[in-house]
Amino acid sequence: MIGLISATAAGAAARDRLAAAWPDRTRVYDGPVGDAVRRAFTECEQLVCFLATGAVVRLVAPLLSDKASDPGVVCVDEAGRFAVSLVGGHGGGANELAVSVGRLLGAEPVVTTATDAVGIPGLDTLGLPVEGDVAGVTRALLDGEPVVLDAEVGWPLPALPFAAGDRAPGERAVRLTDRAVEAGHGEVLVRPPSLVAGVGASRGVPADEVLDLVLGALRDAGLSARSLAELATVDAKRDEPGIVEAAARLGVPVVTYPAEELTRVDVPNPSDAPLAAVGTPSVAEASALARGGELLVPKRKSARADGHASMATCAVVRRPARGRLAVVGLGPGARDLLTPRATAELRRAAVLVGLDQYVDQIRDLLRPGTRILESGLGAEEERARTAVEEARRGQAVALIGSGDAGVYAMASPALAEASDDIDVVGVPGVTAALAAGAILGAPLGHDHVSISLSDLHTPWEVIERRVRAAAEADLVVTFYNPRSRGRDWQLPKALSILAGHREPTTPVGVVRNASRPDGTSRLTTLAELDPAWVDMMTVVTVGNTATRDIAGRMVTPRGYRWQEAAPQEEAR
């Protein structure tokens, strides 16, 4: 919950805007400001104070105890110009809150945390448990001193400016490990969620028995419980109270699988007992291995001090690291049309793959240490393979394309190359058709289609058949890749096909470099369009029979009734 506190009418107005936008996340604290801050500080995870910064400092200072547990505090001036992350930038989430508040209120977020200021993610913001000399190693990263990544386990991390090569004596390091080891001098341990404990149990098994069994298996194998990702079992045990409670106490979810799926998992220690009870010869080992991995602890039984028979079995697997591939659409080129989600994915990536000219557009958004793999025109399939290969190595990868990456861009070749051994995230972008449409007016107000006129990958016979279908269906058509030096006849041919079904006065919009500073646009007609105006940086939008030029804007009505009334309106 986010506590909202204000002292003046101006502050209350901004406060109420925030409360209206986040009704389920916020609580307004009225009354004397000092009392309101004290109550909110103890009752909420975060605070937004619409007060002077000095006043907030004096009010919260006596309340602070530990940065790991203190709520995040954001201070917004009463004019709503700035949203300052004051306390708990990382641990309390105040940095992200300041950005969100600023976006909502139109305020400038002010973040002074050292790592954020220079674009380096804090080691305590990776979303993974960390131990050791976090402050010292972070300072070394900020100062440009060599810090080595010692990755005993692969896991997709954001870009960090790690030094190349092996760790030298006395050199600081970030150690990515699921082993039960202590952090050495100048070392930070990062615990990836790489371990899965498969659990089989009899009905009524005590939670303590499950918990002791799992923790004992990890301890005996020299593994850290902080790297445990889940307890896995068979569907029939989904609601077994002892398993559910043990998972809750471990802070991990319970993941279950159908018995018939577990029967297909090859295990070293099958048994007739679970086969008779739940329909699979293995529960502990099979559920732990259901998504692949290395069996570190074979099936073992719990030991009971009361001398009764064991009621639980356990096996531990190190699951393979799943790389992450984000396919990111950069939009048509203007920075303000790059979505916040796209920006977040670019900053999350350790490896960026893209066309060189697109990389140049967003190079300043990348974090220090991001590895850039760029190439020129015509290497789309090579870039797709490279991105997938990097993700399979356990990296966090961003593959970029212009507009929307799924529209004549990189998503198709990348997903054709990828299998289910990596996580894939699609990040939509503003397409050229949409950017051009907004400049022209509202040409896409009714049914429309986009057609690429490039016959490099698609035979012209197929393209022509699609153009004819669009013409006969009276669809608004946006032509991508309409004309280049080596392909100058396809656009006139496509326009002649449309002209067989539409009037010569049909509006046509021609937009080059949509949304960019050197962008141009013109509204013409099907009869007057000169193909020489068009190149590969242009999209051409041809209206349907209802599209009109209204006050210099290209408008396609949402229905055809307007078409029937148009002659009468024009006659007035």
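Residues numbered from 1 in each chain as written. Predicted model: local features only at pLDDT ≥ 70, side-chain atom pairs only at ≥ 80, totals over all residues. Heavy atoms only, no water.

(A) How the structure looks around helix 18 (residues 490-499). Along helix 18, the positions that sit buried rather than exposed are Gln490, Leu491, Ala494, Leu495, Ile497 and Leu498. The arc enclosing the buried residues of helix 18, seen along the axis, measures out at 155°, which places them on a common side. Those residues of helix 18 that are buried lie in contact with helix 17 (460-472), strand 23 (476-480) and strand 26 (538-542). (Buried < 20%, exposed > 50% of the residue type's maximum accessible area, 1.4 Å probe, protein only. Helix = DSSP H or I, 4+ residues; strand = E, 2+ residues; numbered from the N terminus. Arc of directions from axis to C-beta. Contact = heavy atoms within 4.5 Å.)

(B) Representation of the packing of helix 7 (residues 207-220) against helix 8 (residues 241-250). For the pair helix 7 and helix 8, the least separation of the axes is 8 Å and the interaxial angle reads 55°. When the interaxial angle is binned, helix 7 and helix 8 end up oblique. The hand of the helix 7/helix 8 crossing is right-handed. Counted together, Ala207, Asp208, Val210, Leu211, Val214 and Leu215 of helix 7 and Gly242, Ile243, Glu245, Ala246, Arg249 and Leu250 of helix 8 form the full contact between these two elements. Of the residues contributing to the contact of helix 7 with helix 8, the split by class is eight nonpolar, one polar and three charged. (Axes fitted to C-alpha atoms, helices over the stretch in contact; angles between N-to-C directions. Parallel < 35°, antiparallel > 145°, perpendicular 65-115°, else oblique. Left-handed = near helix turned anticlockwise from the far one by under 90°. Nonpolar A, V, L, I, M, F, W, Y, C, P; charged D, E, K, R; others polar.)

(C) Structural view of the nonpolar core. In terms of nonpolar packing, the biggest core is built from 23 residues, with Val210, Val214, Leu228, Leu231, Cys314 and Val316 touching the most fellow members. Only strand 11 (195-201), helix 7, strand 12 (228-234), helix 8 and strand 15 (312-318) provide two or more residues apiece to this core. Residue contributions to this core peak at six residues, all from helix 7. Those residues within four positions of Leu228 in sequence are excluded, and the remaining contacts are Leu195, Val196, Ala197, Val214, Leu250 and Val252. In this structure, Val467, Ala470, Leu491 and Leu498 belong to the second largest nonpolar core, which totals 21 residues. (Core = buried A, V, L, I, M, F, W, Y, C linked by side-chain atoms within 4.5 Å.)

(D) Quick look at the pairing of strand 17 (residues 351-355). In terms of residue burial, strand 17 counts as a mostly covered element, since five of its five residues are buried. Of the strand pairs in this sheet, strand 17 and strand 18 (residues 371-375) are connected by five bridges, and their pairing is parallel. Looking at strand 18, one finds that Leu355 is bridged to Ser375. Each parallel crossover has a hand, and the one from strand 17 via helix 13 (residues 356-362) to strand 18 is right-handed. Of the pairings in the sheet, the one linking strand 17 to strand 19 (residues 396-401) comprises three bridges and is parallel in character. The residue bridging Val351 from the neighbouring strand is Val397, located in strand 19. (Pairing = 2+ DSSP bridges. Right-handed = clockwise from strand over helix to strand, strands pointing away.)

(E) Local environment of the pattern of salt bridges. Here the structure, examined in full by the defined rule, presents 30 salt bridges. We note a salt bridge from Glu294 to Arg318, for which the minimum N-O separation is 3.5 Å. Residue Glu294 is located in strand 14 (residues 294-301), and its partner Arg318 is located in strand 15; the two are separated by 24 residues in the primary sequence. Taking relative accessible area as the criterion, Glu294 reaches 43% and is therefore assigned partly exposed. Glu390 serves as the salt-bridge partner of Arg393, at 2.9 Å between the closest nitrogen and oxygen. Take Glu390: its relative accessible area is 7%, and that puts it in the buried class. Linked by salt bridges that have partners in common, Arg15, Asp16 and Asp30 make up one network. (Salt bridge = Lys/Arg side-chain N within 4 Å of Asp/Glu carboxyl O.)

(F) Expanded view of the sheet that holds strand 13 (residues 254-257). The strand order across the open sheet built from five strands is 13-12-11-15-14, with neighbouring strands paired in mixed fashion. Strands with a single pairing partner mark the edges of an open sheet, and in this sheet they are strand 13 and strand 14. Taken over all neighbouring pairs, the strand axes of this sheet differ in orientation by 25° on average, direction set aside. In this structure, strand 14 lies alongside strand 15, joined through five bridges in antiparallel fashion.

(G) Layout of the environment of Val153. Within the element layout of this structure, Val153 appears in the loop between strand 8 (147-151) and strand 9 (172-176). Judged by relative accessible area, which is 5%, Val153 ranks as buried. Along the chain, Val153 and Arg558 lie 405 residues apart, while their C-alpha atoms are 56 Å from each other. In contact with Val153, not counting residues within four places along its chain, are Leu176, Thr177, Asp178, Pro192, Ser194 and Arg318.

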